[in-house]
Amino acid sequence: MEIFSAFGLSASAGLNAYIPLLIVALLAKFTPWIRLNEPWDALTSWWVIGLLVVLSIIEFFADKIPAVNHINDAIQTFIRPVAGAIVFAASTSVVREIHPVLAISAGILVAGGVHAAKSLVLRPAVTAVSGGTANVPVSMAEDVISTILSILSVVVPVLIACILILMTTTILWMWLRKIRSTSSVPKTRT
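Attention in this report is confined to the structure presented alongside it. Bear in mind the structure is a predicted one, so any value in this text is a computation, not a measurement.

Conventions we followed
Residues numbered from 1 in each chain as written. Predicted model: local features only at pLDDT ≥ 70, side-chain atom pairs only at ≥ 80, totals over all residues. Heavy atoms only, no water. Helix = DSSP H or I, 4+ residues; strand = E, 2+ residues; numbered from the N terminus. Salt bridge = Lys/Arg side-chain N within 4 Å of Asp/Glu carboxyl O. Buried < 20%, exposed > 50% of the residue type's maximum accessible area, 1.4 Å probe, protein only. Core = buried A, V, L, I, M, F, W, Y, C linked by side-chain atoms within 4.5 Å. Contact = heavy atoms within 4.5 Å. Phe/Tyr/Trp six-rings, centres within 6.5 Å; stacked < 30°, edge-to-face > 60°. Lys NZ or Arg CZ within 6 Å of the ring centre and 35° of its normal. Axes fitted to C-alpha atoms, helices over the stretch in contact; angles between N-to-C directions. Parallel < 35°, antiparallel > 145°, perpendicular 65-115°, else oblique. Left-handed = near helix turned anticlockwise from the far one by under 90°. Patch = residues over 30% accessible without salt bridge, like charges linked within 9 Å, V, L, I, M, F, W, Y side chains within 5 Å. Areas by Shrake-Rupley, 256 points an atom, 1.4 Å probe, with all protein chains shown as cover.

1. Regarding unusual backbone geometry
Here the amide bond leading from E38 into P39 is cis, since omega sits at 0°, within 30 degrees of zero. A positive phi angle is found at A67, which is not glycine, with a value near 75°. Mapped onto the elements of the fold, A67 is located in the loop between α3 (46–62) and α4 (68–91).

Take a look at the structure:
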């Protein structure tokens, strides 16, 4: 089940780098739900938790200020994949069959992919459609989604697996439906 947690946490890091790290740190410190092996247990240090709280607050406000949010996204292009790698590797450290390099690579790819979709597709589209007025609500929604996904990834990894399967199935079904509808359009002769 740790692998499902790892994918959910790294996807969450693609939306907000610090929320999943903070949630993993707090859950590892105060609950039995997650156990971090060395060197990842350093996340439970009060210094690291304090730093993650400060960085989360900075990220929250920087992402809500017009123009600053674009600079923040550019900076986060490097930070979010690293955060995804850390939470992926930390949450799979109890799984012995996964090589650390593979875990880190998977975390980078998942978090980087989510961040790329957010910063290259979603945010520019929202800005273009709304003239930038919807950026703050979208940013807040991303923070909420990142928080909920992080908590669910640790607490209910099976649910994350079901959601991923459902999303993949839905996307494939819509894609196949589109292909069928375009191929069934009769061609007219002139």
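2. What about the pattern of salt bridges?
The full count for this structure, using the stated rule, is seven salt bridges. Residue D63 is joined to R123 by a salt bridge in which the shortest nitrogen-to-oxygen separation is 2.9 Å. Within this pair, whereas D63 is found in the loop between α3 and α4, its partner R123 is found in helix α5 (residues 100–130), the two being separated by 60 residues in sequence. Two residues, R80 and D73, come together in a salt bridge whose shortest N-O distance is 3.1 Å. Judged on exposure class, the residue R80 and its partner D73 are both buried. Overlapping salt bridges, with partners in common, bring together E59, D63, D73, R80, K118, R123 and E142 in one network.

3. So, the nonpolar core
Proteins that are soluble and globular tend to have nonpolar side chains buried together. Counting 22 residues, the largest nonpolar core has L21, V24, I34, L36, L43 and L52 as its most contacted members. L43 has contacts with L21, V24, A25, L36, V48, I49, I86 and A90, leaving out every residue within four places of it along the chain. Counting residues in hydrophobic clusters, the runner-up holds five residues, among them F88, A89, A103 and A106.

4. A look at the packing of aromatic side chains
Under the counting rule described, the total for this entry stands at three aromatic pairs. Ring centres 5.0 Å apart and planes at 90° place the aromatic pair F7 and F88 in the edge-to-face group. In this pair, F7 sits in helix α1 (residues 2–15) while F88 sits in helix α4, placing the two residues 81 residues apart along the sequence. By relative accessible area, which is 2% here, F88 ends up buried. Each ring, one from F30 and one from W46, has its centre 5.8 Å from the other, and the planes form 55°; the classification is tilted. In this pair, F30 is assigned in helix α2 (residues 18–30) and W46 in helix α3, connecting sequence segments 16 residues apart. Comparing F30 with W46, the two get one shared label, exposed. Above the plane of the ring of F60 lies K64, whose end atom (NZ or CZ) is 4.0 Å from the centre.

5. What about the side chain of S12?
By the secondary structure assignment, S12 is in helix α1. Each residue touching S12, except ones within four places of it in the same chain, is listed here: P20, S146, L149 and S150.

6. Description of the environment of E38
Locating E38 in the fold gives a position in the loop between α2 and α3. For E38, a relative accessible area of 69% puts it in the exposed group.

7. A few points about the packing of α2 against α3
Here α2 crosses α3 at 150°, and the two axes come no closer than 9 Å. One way to sum up the angle between α2 and α3 is to call them roughly antiparallel. Considering the relative orientation of α2 and α3, their crossing is left-handed. Listed contacts from α3 to Y18, I19, L21, L22, A25, L26, K29 and F30 of α2 are W46, I49, L52, V53, L55, S56 and E59.

8. Focus on a nonpolar patch on the surface
On the surface, W33, I151, V155, V156, L159, I163, M167 and I171 cluster together to form a nonpolar patch covering roughly 700 Å² of accessible area. The element that contributes the greatest number of residues to the nonpolar patch is helix α7 (residues 157–183), accounting for four residues. With respect to the helices and strands, the residue L159 is situated in helix α7.

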